[in-house]
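Here is how the chains run, residue by residue.
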Amino acid sequence: MDHHPTRLKQFRPMRGLSFTLVALIAILGNPATDALFAATTPTYKPQFLFGSYGRVSFGSNLRGGQGRPATVTIHAPRLLEKPYLELDFAYLQPLGSTDRGFRTAVTVAFSEDLFHYNGKFEAKIALRNLYAEMFNLLAKGLRIWVGSRMYRGDDVYLFDFWPLDNLNTLGAGLSYERAAYRVALHVGTNRLKDDFQLQEVESPIEPIGSQTVVFMDRQRWIGSLKFTYEPKRPDRSLGYKISGYGEFHFLPSGKFRLENRDTESLPRDLGYTIGAQFGIWGYGRKGSFTNLFVRYSAGLAAYGELAVPFGLDSQKKTTSAKELMIALSTNYESRWIGVMAGAWVRYFKDADPNREDLDDGWEGS
C-alpha cells in the first residue's frame, strides 16, 4: 500500500512524449465464486465449491520498452494493475434435512509478474480468506463466523476499491437477517510488520551472541456495524437497498526504542468511520445496477486499516486527520450493449498543522 500517494501537482515536466499501450485479459471463473461468500443456504447435501478471478495484462510504450502505468491518484483504474489471480474454495455441510449448517472458505491469491514474462518463479502468495461460518444453528437468519477474512460490501469495479466497507481482518462477527432488515457486527485485529506497531531489537545473550526480542507489540482493534434495509421484490420489479455503516479503530500506547537506546513513548490513538450507501437494480436486463456511496473517516480510520499513518500532530497522534469519499458505480445492460462506469472524488487531510501540504487536498477519477 502506498502511504504517500503521488499527486498530479508533484510531477515534473517531461521532455518529449511517451506512449503506453496496455491490454488486459480478465479471467472470469466458475459461477460458484459468488456462492462462496454470499448469504446462501445449502441444498441439504454436502457441497464443494470452486471459483476464481484473475487478470493478465501486458503493454508496450511503442518504442521497444515495457508499458508503464501512469498512476496519479490513490485509486487507479483496474486496467493499470499487475497480473493477479484468486482461487476460491469452499465446503458447505448441512445438518440434517434443514437449512442449518456450516461452511469453510479459503481464498489463495497470487500476484506479481508471470513466469512466462520474466522467467522467474517468484509470484507472491497470500491467504486472503481463511474462515469458518455457521448459519441458522441458534436462530433462523443468524450467521456467526470466525477467522481471517476480506470483510467488505459493494465495490467500484473499474477502480478496484470498496468505498464504504472494506476491511482485511482477523477476528469474528455475526449477522442477523429478518424480512427486509439485516444487521452485521464484527470485531477484529491486526499487527502490521512495521515499527509503528511491532519493533524487534537485537539483545545480547551469554556467553556470546545475540537474539531478536520483541520490544514493542501493539495490536490495532477494529469494530464495525452495518445496517441494511432491502425490501423483498417480485420478479422483474425495481429493487433497492439503503445501508448505514460505522467503524471504530483503537491502537494502544507503546514505547519505541531509538538508536541511542533511549525510548520514545507512542500514545494510544483512535479513529472512526461513518457512511451510507444507496443502491438500485432491476431497471435493465439482469446485471444492471447503480450504487452511490458516501463515507467520512477521522483519526486512524482516515488512513485505512493496513496503512501506517503519516503527517502526525505534535503529540504523534492522528486526531485531526480526516477523509471524505463520495463514489458512484453503475452498470447497464440491454440486449445489444453493456456499459459500466465508475467515478469517485476524495478529500484527505493528514494530522499535521501544515497549511501548505502536498498530502492534503482533493482528488478524483
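Report on the accompanying structure. No experiment lies behind these values; they were computed from the predicted model shown. Residue positions within a chain follow its written sequence, with the count starting from 1. At least 70 in pLDDT is required for a residue's local features to be given in this predicted model, at least 80 for side-chain atom pairs to be given and counted, and no such filter applies to totals for whole chains, interfaces and linings, which use all residues. Calculation of side-chain values draws on the structure's entire complement of heavy atoms; hydrogens and water are dropped beforehand.

## Considerations on the packing of aromatic side chains
- Stacked, tilted and edge-to-face are the three classes applied to pairs of Phe, Tyr and Trp rings, where Trp contributes its six-membered ring and a pair requires centres within 6.5 Å; stacked means planes under 30 degrees apart, edge-to-face means over 60, and tilted covers the rest. Per the counting criterion, the structure on display carries 16 aromatic pairs.
- When the centroid spacing of 6.0 Å and the interplanar angle of 35° are considered together, the rings of Tyr 181 and Phe 227 count as tilted. In this pair, Tyr 181 is assigned in strand S8 (residues 181-190) and Phe 227 in strand S11 (residues 220-229), connecting sequence segments 46 residues apart.
- Look at Phe 310 and Phe 348: their rings are 5.9 Å apart centre to centre, the planes differ by 45°, and that puts the pair in the tilted class. Highlighted residues: Phe 310 in the loop between strand S16 (289-299) and strand S17 (322-333) and Phe 348 in strand S18 (residues 338-349), separated in sequence by 38 residues. With respect to class, Phe 310 is no different from Phe 348; both count as buried.
- Through successive ring pairs, a cluster of aromatic residues spans Tyr 181, Phe 227, Tyr 229 and Tyr 240.
- Any Lys NZ or Arg CZ that is within 6 Å of a ring centre and within 35 degrees of that ring's normal is treated as a charge sitting over the ring. For the cation-ring pair, Arg 152 lies above Trp 162, with the distance from its terminal atom to the ring centre recorded as 3.7 Å.
- Its end group placed over the ring of Phe 196, Arg 218 keeps NZ or CZ at 4.8 Å from the ring centre. In DSSP terms, a helix is any run of H or I states spanning at least four residues, a strand is any run of E spanning at least two, and both are numbered starting from the N terminus. Per-residue accessibility, obtained with a 1.4 Å probe over protein chains only, is compared with the maximum for each type, and a residue is labelled buried under 20%, exposed over 50%, and partly exposed between these values.

## Considerations on a nonpolar patch on the surface
- To count toward a patch, a residue needs a relative accessible area over 30% and no salt bridge; like charges are then connected within 9 Å, while nonpolar side chains (Val, Leu, Ile, Met, Phe, Trp, Tyr) are connected within 5 Å. A 1.4 Å probe and the Shrake-Rupley method give the accessible areas. Residues count as covered only by the protein chains that appear here. We count a salt bridge whenever a side-chain nitrogen from Lys or Arg sits within 4 Å of a carboxyl oxygen from Asp or Glu. A contiguous nonpolar surface patch, about 770 Å² in accessible area, is contributed by Tyr 240, Ile 242, Phe 278, Leu 292, Val 294, Ile 326, Leu 328, Val 345 and Trp 362.
- Elements supplying a minimum of two residues to the nonpolar patch: strand S12 (239-251), S16 and S17.
- Mapped onto the fold, Leu 328 is located in strand S17.

## A word on the pattern of salt bridges
- A complete count under the given rule lists 18 salt bridges for this structure.
- A salt bridge links Glu 81 to Arg 55; the shortest N-O distance between them is 2.8 Å. Placement of the pair is Glu 81 in the loop between strand S2 (47-60) and strand S3 (84-94) and Arg 55 in strand S2, with a sequence separation of 26 residues.
- Judged by its relative accessible area of 21%, Glu 81 falls in the partly exposed class.
- The exposure class of Arg 55 is buried, given its relative accessible area of 8%.
- Measuring nitrogen to oxygen at the nearest pair gives 3.1 Å for the salt bridge that ties Asp 160 to Arg 78. Of this pair, Asp 160 sits in the loop between strand S6 (142-152) and strand S7 (166-178) while Arg 78 sits in the loop between S2 and S3, and the two are 82 residues apart along the sequence.
- Here Arg 78 falls in the buried class, since its relative accessible area comes to 8%.

## Structural notes on the side chain of Thr 73
- Take Thr 73: it is sitting in the loop between S2 and S3.
- Any pair of N or O atoms that falls within 3.5 Å is considered a polar contact. Within protein, one atom must be able to donate a hydrogen and the other to accept it, and sequence-neighbouring residues count only if both atoms are side-chain atoms. At 3.2 Å, the side chain of Thr 73 and the side chain of Ser 365 are in polar contact.

## Structural notes on the pairing of S6
- Here a strand pair is declared whenever DSSP counts at least two bridges between the two strands. Note that strand S5 (residues 124-135) and S6 share six bridges and pair antiparallel. The residue bridging Ala 132 from the neighbouring strand is Val 146, located in S6.
- From the end of S5 to the start of S6, which pair antiparallel, there are six residues, and Asn 136 there has a positive phi angle of about 65°.
- Examined bridge by bridge, S6 and S7 share 11 bridges and lie antiparallel to one another. Bridged to Leu 142 within S7 is Tyr 176.

## Side note on the nonpolar core
- Counting 16 residues, the largest nonpolar core has Val 156, Phe 161, Ala 327 and Trp 344 as the members making the most contacts within it.
- Mapped onto this core, the elements with two or more residues apiece are S6 and S17.
- Discounting chain neighbours no more than four positions away, the residues touching Ala 327 are Val 156, Phe 161, Pro 163, Asn 291, Leu 292, Phe 293, Ala 343 and Trp 344.
- Only buried residues count toward a nonpolar core, which is a set of Ala, Val, Leu, Ile, Met, Phe, Trp, Tyr and Cys residues joined through side-chain atoms within 4.5 Å. Ala 302, Ala 321, Phe 348 and Ala 351 belong to the second largest nonpolar core, which has seven residues in total. In this analysis, two residues are considered to be in contact whenever any of their non-hydrogen atoms come within 4.5 Å of each other.

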